[in-house]
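This is what each chain is made of:
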Amino acid sequence: MPLTRSLDDATIVITGASSGIGAATAYALARRGADVVLAARTEEALRRVADRCRELGGRALVVPTDVTDPEAVERLAARAAAEFGRIDGWVNNAAVGTVGLFDEIPVSEFRRVVEVNLLGTVYGSKAALPWLDAAGGGVLVNNASVLAEVAMPYQSAYNATKHAIRGLADTVRQELRVTGRGHISLCTVLPASIDTPFFRHAANHTGRELTPPPPVYPPDLVAETIVRLLRRPRREAYAGGAARLLGLQWRLAPALAERALGWYTARTQFGPGVRLDAAGNVFHADAAAERTDGWQGRRGQLLRLTAAFGLAAAGTAVGTMAAMSRRSRTDR
């Protein structure tokens, strides 16, 4: 079920709210008059996001939180409820990444990605559910990725956590139904590549500049998807047409789609620059990270790569249709 009250009277908690999709979601909700509770590791960046939310017409509470600390996440929920009286929605959005070949990614970084992306979602969900229940109902949104359904090379830790988040949501959703808590909705968002600072912040062990594989969509697209889910919950929602296309191809012809997407993303997630090994923001936050975008000003490069995606997608679609045709003839 949707929120029990309108957005202009609702309280929404957002983790990972200091930049990217989290900040864009906070702005989208503030424009609609919602009370937003902003959580991330860096207080300075959160305060800049909060100031913008207030300019847009919403109320904002800043609660610096490391989502890998379950007690800190419980305190986040308690602060939100104490400030605004209740929690109507919760968005698990915090995420980090480490990019490189699986056997070259340091175990400490792999573990940290699991702690932030997966366990952060676990702790957030555990903290949110009692308050959503106490409010008479509400919506829990987990921001996953299309990589919860498909996969791409050099992203083993991120892929693993996003697949796990999707499975977690499916299980908890079942449990809510069978225990009579159907008034709480649990939704999963599956965005395509989004223009955020994520690729600049990711740990990088490739020796090359990282770029989002095209087509690349603005963070506002995901923010508006999250707003729609808060109003009209669904099990899952894609953000970006490419995410829906990739998911369809992966379901229809998984082996072919796996090969094609591996070839494509191995060639498009690296830019022309050189970058030495760096841990990014995996362990330490970026104090100046309130930007929602990450690649503004490089539209020419992104447009060329997007055109390349169109050609690759068309080729994969033709291959998928051919595989289905062969399968159909074999079945006869």
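All figures in this text were calculated on a predicted structure; none of them were measured in a lab.

Draft legend 1. Inspection of the pairing of strand β2 (residues 35-39) at higher detail. For β2, the tally of buried residues reaches 5 of 5 residues, placing the bulk of the element in the interior. Both faces of β2 are covered, namely the face carrying Asp35, Val37 and Ala39 and the face carrying Val36 and Leu38. As defined by bridge partners, strand β1 (residues 11-15) adjoins β2 across 5 bridges and the pair is classed as parallel. The partner of isoleucine 14 across the bridge, within β2, is leucine 38.

Draft legend 2. Looking closely at the sheet that holds β1. Pairing in this open sheet of 7 strands is parallel, and the strands run β3-β2-β1-β4-β6-β7-β12 from one edge to the other. Each edge of the sheet is formed by a strand with only one pairing partner; in this case those strands are β3 (59-62) and β12 (236-239). Shown here is a sheet whose adjacent strand axes are inclined to one another by a mean of 20°, direction ignored. Bridging between strand β7 (residues 184-191) and β12 involves 4 bridges; their strand directions are parallel. Directly across from threonine 188, in β12, lies its bridge partner glutamate 236.

Draft legend 3. Region of interest: the packing of aromatic side chains. With the rule as written, the count across this model stands at 4 aromatic pairs. Ring centres of tyrosine 158 and phenylalanine 198 lie 5.1 Å apart, and the angle between their planes is 50°; on these two criteria the pair is classed as tilted. Separated by 40 residues along the polypeptide, tyrosine 158 in helix α5 (residues 156-178) and phenylalanine 198 in helix α6 (residues 198-201) bring together distant segments of the chain. Side by side, tyrosine 158 and phenylalanine 198 carry an identical accessibility label, which is buried.

Draft legend 4. Up close: the environment of glycine 207. When you line up the elements, glycine 207 lands in the loop between β9 (203-204) and β10 (208-210). The exposure class assigned to glycine 207 is partly exposed, which follows from its relative accessible area of 27%. Counting along the chain gives 107 residues from glycine 207 to glycine 100, while the straight-line C-alpha distance between them is 9.0 Å.

Draft legend 5. Local environment of the side chain of threonine 188. Looking at where threonine 188 falls in the secondary structure, it is placed in strand β7. The residues touching threonine 188, leaving out its near neighbours within four places in the chain, are Asn142, Ala144, Ala169, Arg173, Arg235, Glu236 and Ala237.

Draft legend 6. Local environment of the environment of aspartate 35. Turning to its location among the elements, aspartate 35 is positioned in strand β2. Linking aspartate 35 and valine 13, residues 22 residues apart in sequence, is a C-alpha distance of 8.6 Å.

Draft legend 7. Structural detail: the pairing of strand β4 (residues 89-92). Side-chain alternation along β4 places Gly89 and Val91 on one buried face and Trp90 and Asn92 on a second face that is also buried. Bridging between β4 and strand β6 (residues 138-143) involves 4 bridges; their strand directions are parallel. Bridging across to β6, glycine 89 finds its partner in valine 139.

Draft legend 8. Focus on a positive patch on the surface. On the surface, Arg228, Arg231, Arg232, Arg234 and Arg244 cluster together into a positively charged patch. Structurally, arginine 228 can be placed in helix α7 (residues 219-231).

Draft legend 9. Inspection of the packing of helix α1 (residues 20-31) against helix α2 (residues 43-55) at higher detail. Where α1 meets α2, the axes come as close as 8 Å, and the angle between the chain directions of the two elements is 20°. Relative to α2, the element α1 lies roughly parallel. In this structure, α1 meets α2 at a crossing whose hand is right-handed. In contact with Ala23, Ala26, Tyr27 and Ala30 of α1, α2 contributes Val49, Arg52 and Cys53.

The rules behind each value
- Residues numbered from 1 in each chain as written.
- Predicted model: local features only at pLDDT ≥ 70, side-chain atom pairs only at ≥ 80, totals over all residues.
- Heavy atoms only, no water.
- Buried < 20%, exposed > 50% of the residue type's maximum accessible area, 1.4 Å probe, protein only.
- Helix = DSSP H or I, 4+ residues; strand = E, 2+ residues; numbered from the N terminus.
- Pairing = 2+ DSSP bridges.
- Axes fitted to C-alpha atoms, helices over the stretch in contact; angles between N-to-C directions.
- Phe/Tyr/Trp six-rings, centres within 6.5 Å; stacked < 30°, edge-to-face > 60°.
- Contact = heavy atoms within 4.5 Å.
- Patch = residues over 30% accessible without salt bridge, like charges linked within 9 Å, V, L, I, M, F, W, Y side chains within 5 Å.
- Areas by Shrake-Rupley, 256 points an atom, 1.4 Å probe, with all protein chains shown as cover.
- Salt bridge = Lys/Arg side-chain N within 4 Å of Asp/Glu carboxyl O.
- Lys, Arg positive; Asp, Glu negative; His and termini not counted.
- Charge placed at Lys NZ, Arg CZ, Asp CG, Glu CD.
- Parallel < 35°, antiparallel > 145°, perpendicular 65-115°, else oblique.
- Left-handed = near helix turned anticlockwise from the far one by under 90°.

Geometric values such as these leave the question of function open.
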